[in-house]
Amino acid sequence: GEDVEQSLFLSVREGDSSVINCTYTDSSSTYLYWYKQEPGAGLQLLTYIFSNMDMKQDQRLTVLLNKKDKHLSLRIADTQTGDSAIYFCAETPRSSASKIIFGSGTRLSIRP
Amino acid sequence: DAGITQSPRHKVTETGTPVTLRCHQTENHRYMYWYRQDPGHGLRLIHYSYGVKDTDKGEVSDGYSVSRSKTEDFLLTLESATSSQTSVYFCAISETSGSSANTGELFFGEGSRLTVL
């Protein structure tokens, strides 16, 4: 089946690194994504990783993919107040490339 | 920003009444989606469309129907609204599906908040 799970909340101190974790069940996912939702807005694609990759780095963002454990993580270095948002893990199941399945979202809050 | 407009943005209705939400795009993208967002559940796919008159069910399609008679419009209808359908509804569009050649990135509208009393 297709299922994506995340913890609901994460609180970090400004300037520290944030690590948001996700587990998924479809071992044949083509892509795995991280979307960001700011208050009162729709989601926007933050970054993604193709299933044949282990790591992707993009400025302050690092995505790690452990296919054996079906675990995806997003690390945000030097977390800033502007990073406060809900972060959604998502996947494209190989069984249906037209669908994108989202997790429950992790709300990241930043402490001064 | 992708040209996606959802209407209405806010609606309050009573149980048992029909409700139609409209998603309009100016991007000529092939794929269109309706999701609902609820606390603790994230985004759940209701229905999606992969072309004019081509639609399919998502995870939570019961109680909802959709229609796509033109590329630019995707309508979501609640035939008889129930309180469990109180939610924020998001339309999304994508130029491609996810494949080895394309990421299938979704572009989202701003959401429609529906309250069913």
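Scroll up for the structure.
A. Quick peek at the overall build of chain B. Along chain B, the regular secondary structure elements total zero helices and 11 strands. Along its sequence from the N terminus, chain B presents helices and strands in the succession β-β-β-β-β-β-β-β-β-β-β. In terms of overall dimensions, chain B has a C-alpha envelope of 45 × 30 × 25 Å along the principal axes. Within chain B, the proportion of its 117 residues that are buried is 48%. For chain B, the share of sequence-separated contacts (at least 6 apart) that also reach a separation of at least 24 residues comes to 55%.

B. Region of interest: the state of the cysteines. Under the counting rule described, the total for this entry stands at two disulfides over all chains. Between A:Cys22 and A:Cys89 runs a disulfide, and the two sulfur atoms are separated by 2.0 Å. Looking down the S-S bond of the A:Cys22 and A:Cys89 bridge, the torsion is -65°, so its handedness is left-handed. Of this pair, A:Cys22 sits in strand S3 (residues 18-24) while A:Cys89 sits in strand S9 (residues 85-92); the two residues are 67 residues apart in sequence, bridging distant segments of the chain. The burial state of A:Cys22 is the same as that of A:Cys89; both residues are buried. B:Cys23 shares a disulfide with B:Cys91; S-S distance 1.9 Å. The disulfide joining B:Cys23 to B:Cys91 has a torsion of about -70° about its S-S bond and is therefore left-handed. Of this pair, B:Cys23 sits in strand S3 (residues 19-25) while B:Cys91 is found in strand S9 (residues 87-94), placing the two residues 68 residues apart along the sequence. Overall, the relative accessible area of 0% leaves B:Cys91 in the buried class.

C. Focus on the environment of B:Tyr50. All names here are of chain B. Assignment of secondary structure puts Tyr-50 in strand S5 (residues 42-51). By relative accessible area, which is 29% here, Tyr-50 ends up partly exposed. Separated by 25 residues in sequence, Tyr-50 and Gln-25 place their C-alpha atoms 14 Å apart. When near neighbours in sequence (up to four residues on either side) are disregarded, Tyr-50 contacts Arg-30, Tyr-31, Thr-55, Asp-56 and Arg-68.

D. A look at the interface of chain B and chain A. Across the contact, 25 residues belong to chain B and 24 residues belong to chain A. Together chain B and chain A conceal approximately 1,800 Å² of surface at their shared face, both sides included; 59% is due to carbon and sulfur atoms. Where chain B packs against chain A, one counts zero salt bridges. The interface formed by chain B and chain A contains three residue pairs in polar contact (both at pLDDT 80 or more). Elements that contribute at least two residues to the side of chain B that touches chain A include exactly strand S4 (31-38) and S5 of chain B. Of the residues that constitute the side of chain B that touches chain A, the class distribution is 10 nonpolar, 12 polar and three charged.

E. Molecular detail of the nonpolar core. Counting 21 residues, the largest nonpolar core has A:Tyr35, A:Ile100, A:Phe102, B:Tyr33, B:Tyr35, B:Leu106 and B:Phe108 as its most contacted members. At the level of secondary structure, the elements contributing two or more residues to this core comprise strand S4 (31-37), strand S5 (43-50) and S9 of chain A together with S4, S5 and S9 of chain B. B:Tyr35 has contacts with A:Ile100, A:Phe102, B:Leu43, B:Arg44, B:Leu45, B:Ile46, B:Val88, B:Tyr89, B:Phe90, B:Ala92, B:Leu106 and B:Phe108, leaving out every residue within four places of it along the chain. One finds A:Tyr24, A:Val63, A:Cys89 and A:Ile101 within the second-largest nonpolar core, a separate group that totals 20 residues.

F. Representation of the packing of aromatic side chains within the structure. Residues and elements named next belong to chain B. Evaluated as defined, the whole model comprises 15 aromatic pairs over all chains. Here the aromatic rings of Tyr-33 and Tyr-48 are separated by 6.0 Å at their centres, their planes lie at 20°, and the arrangement is stacked. With Tyr-33 in strand S4 and Tyr-48 in strand S5, the pair connects residues that are 15 residues apart, well separated along the chain. A relative accessible area of 4% places Tyr-48 in the buried class. With 6.4 Å between their ring centres and 50° between their planes, Tyr-48 and Tyr-50 make a pair best called tilted.

G. Quick look at the sheet that holds strand S8 (residues 71-76) of chain A. All names here are of chain A. The antiparallel open sheet is built from five strands, whose spatial order is S1-S3-S8-S7-S6. Both outer strands of the open sheet, strand S1 (4-6) and strand S6 (55-58), are each paired with one neighbouring strand and no more. Between one strand axis and the next, the sheet turns by 15° as a mean value, whatever way the strands run. As judged from the four bridges shared by S6 and strand S7 (residues 61-66), these two strands associate in the antiparallel manner. What sits directly across from Gln-57, in S7, is Thr-62.

Reading guide: rules and limits
Residues numbered from 1 in each chain as written. Chains lettered and ligands numbered in written order. Predicted model: local features only at pLDDT ≥ 70, side-chain atom pairs only at ≥ 80, totals over all residues. Heavy atoms only, no water. Helix = DSSP H or I, 4+ residues; strand = E, 2+ residues; numbered from the N terminus. Buried < 20%, exposed > 50% of the residue type's maximum accessible area, 1.4 Å probe, protein only. Contact = heavy atoms within 4.5 Å. Disulfide = S-S within 2.5 Å. Buried area = accessible area lost by both parts, 1.4 Å probe. Salt bridge = Lys/Arg side-chain N within 4 Å of Asp/Glu carboxyl O. Polar contact = N/O pair within 3.5 Å; in protein donor to acceptor, adjacent residues only side chain to side chain. Nonpolar A, V, L, I, M, F, W, Y, C, P; charged D, E, K, R; others polar. Core = buried A, V, L, I, M, F, W, Y, C linked by side-chain atoms within 4.5 Å. Phe/Tyr/Trp six-rings, centres within 6.5 Å; stacked < 30°, edge-to-face > 60°. Pairing = 2+ DSSP bridges. Axes fitted to C-alpha atoms, helices over the stretch in contact; angles between N-to-C directions.

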